[in-house]
Amino acid sequence: QVQLVESGGGLVQAGGSLRLSCAASGRTFSNYAAGWFRQAPGKERELVASISWSGRDTYYAGSVKGRFTISRDNAKNTMYVQMNSLKPEDTAVYYCAASSTTLVAAVEHFKYDYWGQGTQVTVSS
């Protein structure tokens, strides 16, 4: 099993930037594809971005493409998402997740079987 802990959330003004980190412990992180999800109040959890085990392949939701960058450092067992040009609609709890069932940048929620506890991102207008 792998344990995931997010950090880096906070309050930022619109147009600002944040970088979230996801620290993995337990099994070797490079054995897992991974992704970032978010859930805003009253809305369903949605995939923001995903990344293959090597980091070479990535996927972005249309709403964040060009503004967010997902990356990972397997030597540090850590995944990141750099979020630029933040908008109030990016406000949500952000979760990192890992998949033991695939090594590619998965978009299907059901493929992710390990989750962090979440970190709040609030973007003020």
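Refer to the structure above for everything that follows.
Summarised in this report is the structure supplied together with it. Here the structure is a predicted model, which means the values were calculated and not measured. (Residues numbered from 1 in each chain as written. Predicted model: local features only at pLDDT ≥ 70, side-chain atom pairs only at ≥ 80, totals over all residues. Heavy atoms only, no water.)

Observations regarding the pattern of salt bridges
Phase 1 of the analysis: Scanning the model with the defined rule gives 4 salt bridges in all.
Phase 2 of the analysis: A salt bridge links Arg38 to Asp90; its shortest N-O distance comes to 2.9 Å. With Arg38 in strand E4 (residues 33-39) and Asp90 in the loop between strand E8 (78-83) and strand E9 (92-99), the pair connects residues that are 52 residues apart, well separated along the chain.
Phase 3 of the analysis: The buried category is assigned to Arg38, whose relative accessible area is 6%.
Phase 4 of the analysis: Accessibility expressed as a relative area gives 1% for Asp90, which makes it buried. (Salt bridge = Lys/Arg side-chain N within 4 Å of Asp/Glu carboxyl O. Helix = DSSP H or I, 4+ residues; strand = E, 2+ residues; numbered from the N terminus. Buried < 20%, exposed > 50% of the residue type's maximum accessible area, 1.4 Å probe, protein only.)

Overview of the pairing of strand E11 (residues 119-124)
Phase 1 of the analysis: Going residue by residue along E11, you find Thr119, Val121 and Val123 tucked away on one face and Gln120, Thr122 and Ser124 left uncovered on the opposite face.
Phase 2 of the analysis: Pairing geometry for strand E2 (residues 10-13) and E11, over 4 bridges, is parallel. Bridging across to E11, Val12 finds its partner in Val123.
Phase 3 of the analysis: Across 3 bridges, the pairing between E9 and E11 is antiparallel. Each bridged residue has a counterpart across the sheet, and for Val93 the counterpart in E11 is Gln120. (Pairing = 2+ DSSP bridges.)

Some thoughts on the environment of Lys76
Phase 1 of the analysis: In this fold, Lys76 is placed in the loop between strand E7 (68-73) and E8.
Phase 2 of the analysis: For Lys76, a relative accessible area of 58% corresponds to the exposed category.

Focus: the nonpolar core
Soluble globular proteins: nonpolar side chains tend toward being buried together.
Phase 1 of the analysis: Counting residues in each nonpolar core, the largest one holds 31 residues, and the members touching the most others are Leu4, Trp36, Phe68, Met79, Met83 and Tyr94.
Phase 2 of the analysis: When near neighbours in sequence (up to four residues on either side) are disregarded, Met83 contacts Gly16, Ser17, Leu18, Leu20, Arg67, Phe68, Tyr94 and Val121.
Phase 3 of the analysis: Counting 5 residues, the second largest nonpolar core, distinct from the first, contains Phe37, Leu47, Ala106 and Tyr112. (Core = buried A, V, L, I, M, F, W, Y, C linked by side-chain atoms within 4.5 Å. Contact = heavy atoms within 4.5 Å.)

What about the sheet that holds strand E3 (residues 18-26)?
Phase 1 of the analysis: On the basis of which strands lie adjacent, the open sheet formed by 4 strands has the order E1-E3-E8-E7 and antiparallel pairing. Of all the strands in the sheet, just strand E1 (2-7) and E7 have a single pairing partner and so form its edges. Sheet twist, expressed as the average angle between the axes of neighbouring strands with direction ignored, equals 15 degrees.
Phase 2 of the analysis: With 6 bridges joining them, E1 and E3 adopt antiparallel strand pairing. Paired with Glu6 across the two strands is Cys22, which belongs to E3. (Axes fitted to C-alpha atoms, helices over the stretch in contact; angles between N-to-C directions.)

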